[in-house]
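The primary structure of each chain is shown beneath.
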Amino acid sequence: MDTRVIGLVARKEVRDALRNRWFLLYAAGFALLAIALSQLSTGDSGTAGYAGFGRTAAGLVNLVLFVVPLMGLTLGAQSLAGERERGTLATLLAQPVTRTEVLLGKFAGLALALGAALLLGFGLAGAWVAARGGGVEAGAYAQVVGAAALLALATLSIGFLISSAARRTSAATAVALFVWLALVFAGDLGLMGSAMTMRLPVRTLLGLTLLNPLEAYRIGGIAAITGGLDVLGPAGVYADRVLGPSLVAVLAAVLVAWCVVPLIAAGVVFARRGIR
Amino acid sequence: MKSQPAQDREVMIQAEHLARYYGPSPALRDITFDAYRGEIVGFLGPNGAGKTTTMRILTGYLPPTSGRASIAGFDIIEQSMEVRRHIGYLPETTPLYTDMTVWSYLDFMARLRGVANRDDAVERAMSRVNLDDRADQVIGQLSKGLRQRVGIAQAVLHDPPVVILDEPTIGLDPRQIQDVRSLIHELKGNHTVIISTHILSEAEQLCDRVLVINRGEIVAAASPEELQTQLAGAQAVRVVLAPSVQPREVEKAFADIEGVAGVASEGDGRYLVKVTANGNPRAAIAQSVVGRGWPLLEMTPIGMSLERIFLELTADADVVDETEIDTDTDAGEEDGDA
């Protein structure tokens, strides 16, 4: 594998992302909402300081939960499908480059672009809280940002898997939106509903929750901010008791698996179509 | 048109029994041909005949279901990277990164290829296609003809021995078509060029050899001139009789004459009599007409145009737009033909 080629494709992808209206809209929207949340959370003097930070961070966790997967899924879904639809993939793959190099280059470029958008949003929100006299728990905040970055990579990876099999950008985007809805609702209403109707034991409920990258992120974020999972109810208390100090490692492993497995699957699907 | 006999020249492309199936549907059934150093070979065929699929296989974009091919001696499957180093490819519809400038696009492609002396190579390629003064222009703002030149510059950037151009003149106005044709003509000699086209005059003008592809098979392969003379029935005689003569009787009478391959009534007493290879039935036709007392108004020998030969060879073609089929996806496979 030629890292020079991966670097070249990644650089081009970053440039393209910075010209992509959707990406710019997402990034600007995320940054503005993050600032708005910080303003609301530290708005009255009574909640300044750590309480203000806690509220800002909790708000950001929820914001990330909706916006970041949407960004990751749709950008990933448009990546290969877009090149295929425009016909540029045929030219690109007629160069002496492998499909794996193209895939990894595109992934790396979009990951960098997403990372920059996240840093911008979180950076502005953190700076806003700090400027208004609120204390920022750097460690907890870094954990929330790190988990958000992993969530971005995980959803980008799923987006690439969708893209590797799609021939049209519109179809890939539609599937990505459906997956986004499914993950959001499976995490919340779906699990709650099925837990009640199917009388799922708390252990199964926790297992199912951890399978969803969005939930893994939510639990990690809340644990970082509050130091415990009591706010999540019996499942949270159970997770605390069973996983204890290894909770963060388990959640990180879930998110890393979501980053790696769909990307490998995307590589297999993409490579199966061509020579080498 | 060929300057040297084929057997004395270096084979640059060798394709043996290439086939490509999408499920049970064949996009290519059996493609076998050689292309020699410095010649221009035209793939001529209706939409959906298999021209694009053959090109995609040769460029490594798509694996064949069976058969083998080599470019400059490198196997397309086993030595795919070497193959790609030895070809320049311009797909149909000239897909380019339209938000890049001409220079940055060519520079990006040169970097991907790891071209030595990159700046020189980009300048040289731009100069070959007369784009020297367009370096800083955004590709999306260029006319179709200029974009086509950018695409060709990309294909010759690394001075490859083999250049593959898929429908290089499609969608261009007549002047742009002439520009692109002269560019392709200039490539001759230094490069082996494969072009696909469904424009017969283009094949006649540009190509040393024409491979007529229909339904995934080569149905004829020869120089444009040879194609006109080699094929059975390539010569014909137009006979004009008084309209009062019954066409059925004429067809019956002519069909029995030695050297006649077929008779078609064109109405108004006009008949097209196709002649077998090396056949010369004109005297016998004249005798037959006079003997029956039919008034003979005209009898003219005519050479069949490449267009008529093409139509005859591809008479059973399905008209499928190959560009609509993406062979890189499962969805494309379901669509079948390519």
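Note that the coordinates shown come from a computational prediction; the quantities given were computed from them, not determined experimentally. (Residues numbered from 1 in each chain as written. Chains lettered and ligands numbered in written order. Predicted model: local features only at pLDDT ≥ 70, side-chain atom pairs only at ≥ 80, totals over all residues. Heavy atoms only, no water.)

A. Expanded view of the environment of Pro295(B). Residue and element names in this part refer to chain B. Among the secondary structure elements, Pro295 is positioned in the loop between α10 (282-291) and β14 (296-303). Accessibility expressed as a relative area gives 40% for Pro295, which makes it partly exposed. For the pair Pro295 and Val240, spaced 55 residues apart in the sequence, the C-alpha separation amounts to 8.9 Å. With residues near it in sequence (within four places) discarded, Pro295 still touches Val240, Leu241, Ala242 and Val245. (Helix = DSSP H or I, 4+ residues; strand = E, 2+ residues; numbered from the N terminus. Buried < 20%, exposed > 50% of the residue type's maximum accessible area, 1.4 Å probe, protein only. Contact = heavy atoms within 4.5 Å.)

B. Representation of the pairing of strand β13 (residues 270-275) of chain B within the structure. Residues and elements named next belong to chain B. Bridge count for strand β11 (residues 235-241) against β13 is six bridges, and the pairing is antiparallel. Bridge assignment links Val237 to a residue of β13, and that residue is Val273. Relative to β13, strand β12 (residues 260-267) is paired through six bridges, and the arrangement is antiparallel. Bridge pairing in β13 links Ser265 to Tyr271. Taken together, β12 and the strand that follows it, β13, pair antiparallel across an intervening segment of two residues, in which Asp268 is found at a positive phi of about 60 degrees. (Pairing = 2+ DSSP bridges.)

C. Looking closely at the nonpolar core. Ranked by size, the top nonpolar core spans 158 residues in total, and within it Phe122(A), Tyr217(A) and Phe33(B) carry the most contacts. Those residues in contact with Tyr217(A) that lie beyond four places of it in its chain are Leu60(A), Val61(A), Val64(A), Leu65(A), Phe122(A), Val144(A), Ala147(A), Ala148(A), Leu151(A) and Leu255(A). Counting 15 residues, the second-largest nonpolar core is a separate cluster that includes Ala253(B), Val273(B), Val275(B) and Ile285(B). (Core = buried A, V, L, I, M, F, W, Y, C linked by side-chain atoms within 4.5 Å.)

D. Structural detail: the side chain of Thr155(A). Residue and element names in this part refer to chain A. Residue position: Thr155 is located in helix α6 (residues 138-165). For Thr155, a relative accessible area of 0% corresponds to the buried category. Side-chain polar atoms of Thr155 contact the backbone oxygen of Ala152, separated by 3.1 Å. Ignoring anything within four residues of it in the chain, the contact list for Thr155 reads Val68, Pro69, Gly72 and Leu73. (Polar contact = N/O pair within 3.5 Å; in protein donor to acceptor, adjacent residues only side chain to side chain.)

E. Seen up close, the interface of chain B and chain A. The interface of chain B with chain A comprises 40 residues on the first partner and 35 residues on the second. Between chain B and chain A the total buried area reaches about 3300 Å² when both faces are included, carbon and sulfur atoms providing 55% of it. At the boundary of chain B and chain A, one finds one salt bridge. The closest approach of N and O atoms between Arg19(A) and Asp99(B), which form a salt bridge, is 3.6 Å. (Buried area = accessible area lost by both parts, 1.4 Å probe. Salt bridge = Lys/Arg side-chain N within 4 Å of Asp/Glu carboxyl O.)

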